[in-house]
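# Summary of structural features
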Amino acid sequence: MKPETLLIHAGRSVDAATSAVTPPIHLASTFERAPDGSLPHGFVYTRFGNPTRQALEQALAALEGGVEAAAFASGSAATAAVLQSLAPGQRLLLPRDCYNGTANSVRQVFAHLDAQFVDMTDLAAVQAALEPAPALVWLETPSNPTLRLTDLAAVSSLAHAAGALVVCDNTWATPLGQRPFDLGVDLVMHSTTKYLGGHSDVLGGALITKTATPWWQRLKQIHVLAGAVPSPFECWLILRGMQSLAYRLRGHCANALAVAEWLAQHPKVEAVHYPGLASHPQFELAQRQMLLMGGMVSFEVVGGAAEAIAVAAQVKLWTRATSLGGPESLIEHRATLEGPDSPTPPALLRLSVGLEHSDDLIADLAQALAVL
Ligand SMILES: *Cc1c(COP(=O)(O)O)cnc(C)c1O
């Protein structure tokens, strides 16, 4: 079935007990055994598994095209589970411009791993870093916040030739915008906090496996034993949000393209980063790899950090906040969030383009840029 249909039906069914069309939220933390000690529905205790979480996991696996999914309490918890599956001293490669929370987790919590940050857009650099062979290659594309792309098929094939497993953080592209499993990736990670939840009201994360492997069994063990699981209510909110994902994304993508095209011709804008613009340095790769160009745009104003912060200070309709994927448009001076060691250009503003009318979004940016 097509993603639009899976989003409405996967993991969901009319409730057998009540005929309720919308699935109930099973808040129970524990489940009764039959007199003979068996478990009539297979559930024991909610950390191990819960009907509402199971519904979300089935929907996520179906949507991404994998065989199984595990839902976590946040995207960062899903990332941590992958890192926990590596033994101390094991080598892994990550993108130099990966989500700064992932980089901070690797540096500050998983410092016992042998991590190397690589420019994943440079296949020669990737090839060089695969010697000595890592256990894992972590990918994230488009990157945050400069929207550079990694060629998933090319890097997966180099990594597999070196014997490494490949993970892709598919949060920004979404399962509708990019199909990592078709391009050779072994495991997909999501922050479901973003487009999948879609309403800026819940945190969540997920891992989805392409095939059932011993590594997946290990990840599932970490999932329930380390216990970074979401509550049933959070699972329900994400499932609810996912139903409208296909149609929300159409709006996000159309608005993002309109905003990016408008910014690209503005005299106070130095650079615009959006894979849907023909001026993007990897436009050809974007056309080949991405089905949708997404709702994230970043741009650099003429000047530096002070000018960028001054523009952000002037917006009235856009909200100055971090995160992405909700209906409301957000603007963020990313270097402020990332702190003094941030590699992000100081004049860069990151936009999560929401679902308002693009004319109103552009008018507000126009009056804000007039401050320069
Ligand atoms: C937000 C985000 C994360 C972290 O997810 P949380 O749900 O905030 O823990 C990881 N990767 C990307 C690309 C993100 O945007």
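Since this is a predicted model, take the numbers as computed values, not measurements.

Taken in spatial order, the seven strands of this open sheet run S1-S7-S6-S5-S4-S2-S3, and their pairing is mixed. Each edge of the sheet is formed by a strand with only one pairing partner; in this case those strands are strand S1 (68-72) and strand S3 (114-118). Averaged over all neighbouring strand pairs, the angle between strand axes comes to 20 degrees, with direction disregarded. Here strand S2 (residues 91-95) runs beside strand S4 (residues 136-140); their pairing, made up of two bridges, is parallel. The partner of Leu92 across the bridge, within S4, is Leu136.

Let us look at the site of the ligand. If you check the shell around the ligand, you find 14 residues, and the closest are Ser76, Asp169, Ser191, Thr193 and Lys194. In this structure, Gly75 approaches the ligand through a main-chain N or O atom, which is 2.9 Å from an oxygen atom. In this structure, Ser76 approaches the ligand through a side-chain N or O atom, which is 2.7 Å from an oxygen atom. Summarising the interface, the protein chains cover 91% of the accessible area of the ligand, which totals 380 Å² for the free molecule. Considered class by class, the residues forming the shell around the ligand number four nonpolar, seven polar and three charged.

Along the polypeptide, Arg53 turns up in helix H2 (residues 51-64). Taking relative accessible area as the criterion, Arg53 reaches 3% and is therefore assigned buried. Separated by 3.3 Å, the side chain of Arg53 and the backbone oxygen of Phe48 make a polar contact. Once residues within four sequence positions are removed from consideration, Arg53 is found in contact with Thr46, Arg47, Phe48, Ala71, His223, Val224, Val229, Pro230 and Cys235.

On to the sheet that holds strand S9 (residues 296-301). The strands making up a sheet are joined through hydrogen bonds of the backbone, oriented either antiparallel or parallel. In space, the five strands of this open sheet follow the order S8-S9-S12-S11-S10, with mixed pairing throughout. Two strands bound the open sheet, and with one partner strand each, they are strand S8 (269-273) and strand S10 (319-320).

Summarising burial for S1: four of the five residues are buried, a large majority. The pairing of S1 with strand S7 (residues 205-209) spans five bridges and is classified as antiparallel. Its bridge partner lying in S7, Ala71 is registered against Ala206.

What follows is about the nonpolar core. In terms of nonpolar packing, the biggest core is built from 47 residues, with Leu56, Leu60, Val137, Met242 and Leu245 touching the most fellow members. In this structure, Leu60 is in contact with Ala69, Thr192, Leu196, Ala206, Ile208 and Met242, ignoring residues within four places of it in sequence. Judged by nonpolar contacts, the second largest core, of 32 residues, contains Leu285, Met290, Val315 and Ile362.

For Arg12, the position within the fold is in the loop between helix H1 (3-9) and H2. Within the buried set, Arg12 has no salt-bridge partner at all; the shortest N-O distance to an opposite charge, 12 Å, is to Asp15. Among the polar contacts listed, one links the side chain of Arg12 to the side chain of Gln243, at a separation of 3.4 Å.

This brings us to the pattern of salt bridges. Summed over the entire model, instances satisfying the criterion amount to ten salt bridges. Salt bridges sharing partners connect three or more residues here, namely Glu332, Arg334, Glu338 and Arg350.

Let us now look at a nonpolar patch on the surface. On the surface, Ile25, Leu27 and Phe233 cluster together to form a nonpolar patch covering roughly 290 Å² of accessible area. Of note, Leu27 is situated in the loop between H1 and H2. Looking at Leu27, the relative accessible area reads 62%, which means it is exposed.

To continue, consider the packing of helix H10 (residues 245-264) against helix H14 (residues 358-369). As a packed pair, H10 and H14 sit with axes 10 Å apart at the nearest point and diverge in direction by 30 degrees. Our classification of the angle between H10 and H14 gives roughly parallel. The hand of the H10/H14 crossing is right-handed. Residue-level inspection shows Asn255, Ala258, Val259, Trp262 and Leu263 of H10 in contact with H14, the latter providing Ser358, Leu361, Ile362, Leu365, Ala366 and Leu369. Split by residue class, the contact of H10 with H14 holds nine nonpolar, two polar and no charged.

Turning to the packing of helix H3 (residues 75-84) against helix H8 (residues 214-226), a few remarks are in order. Look at H3 against H8: their axes get within 9 Å of each other, and the N-to-C directions meet at 125 degrees. With respect to each other, H3 and H8 are oriented oblique. The handedness of the crossing between H3 and H8 is right-handed. Of the residues in H8, those in contact with Ala81, Val82 and Gln84 of H3 are Trp215, Leu219, Ile222 and Ala226. For the contact of H3 with H8, the residue count by class is six nonpolar, one polar and no charged.

Quick notes on the rules
- Residues numbered from 1 in each chain as written.
- Predicted model: local features only at pLDDT ≥ 70, side-chain atom pairs only at ≥ 80, totals over all residues.
- Heavy atoms only, no water.
- Pairing = 2+ DSSP bridges.
- Helix = DSSP H or I, 4+ residues; strand = E, 2+ residues; numbered from the N terminus.
- Axes fitted to C-alpha atoms, helices over the stretch in contact; angles between N-to-C directions.
- Near = heavy atom within 4 Å.
- Polar contact = N/O pair within 3.5 Å; in protein donor to acceptor, adjacent residues only side chain to side chain.
- Areas by Shrake-Rupley, 256 points an atom, 1.4 Å probe, with all protein chains shown as cover.
- Nonpolar A, V, L, I, M, F, W, Y, C, P; charged D, E, K, R; others polar.
- Buried < 20%, exposed > 50% of the residue type's maximum accessible area, 1.4 Å probe, protein only.
- Contact = heavy atoms within 4.5 Å.
- Core = buried A, V, L, I, M, F, W, Y, C linked by side-chain atoms within 4.5 Å.
- Lys, Arg positive; Asp, Glu negative; His and termini not counted.
- Salt bridge = Lys/Arg side-chain N within 4 Å of Asp/Glu carboxyl O.
- Patch = residues over 30% accessible without salt bridge, like charges linked within 9 Å, V, L, I, M, F, W, Y side chains within 5 Å.
- Parallel < 35°, antiparallel > 145°, perpendicular 65-115°, else oblique.
- Left-handed = near helix turned anticlockwise from the far one by under 90°.

These values are about where atoms sit, not about what they do.
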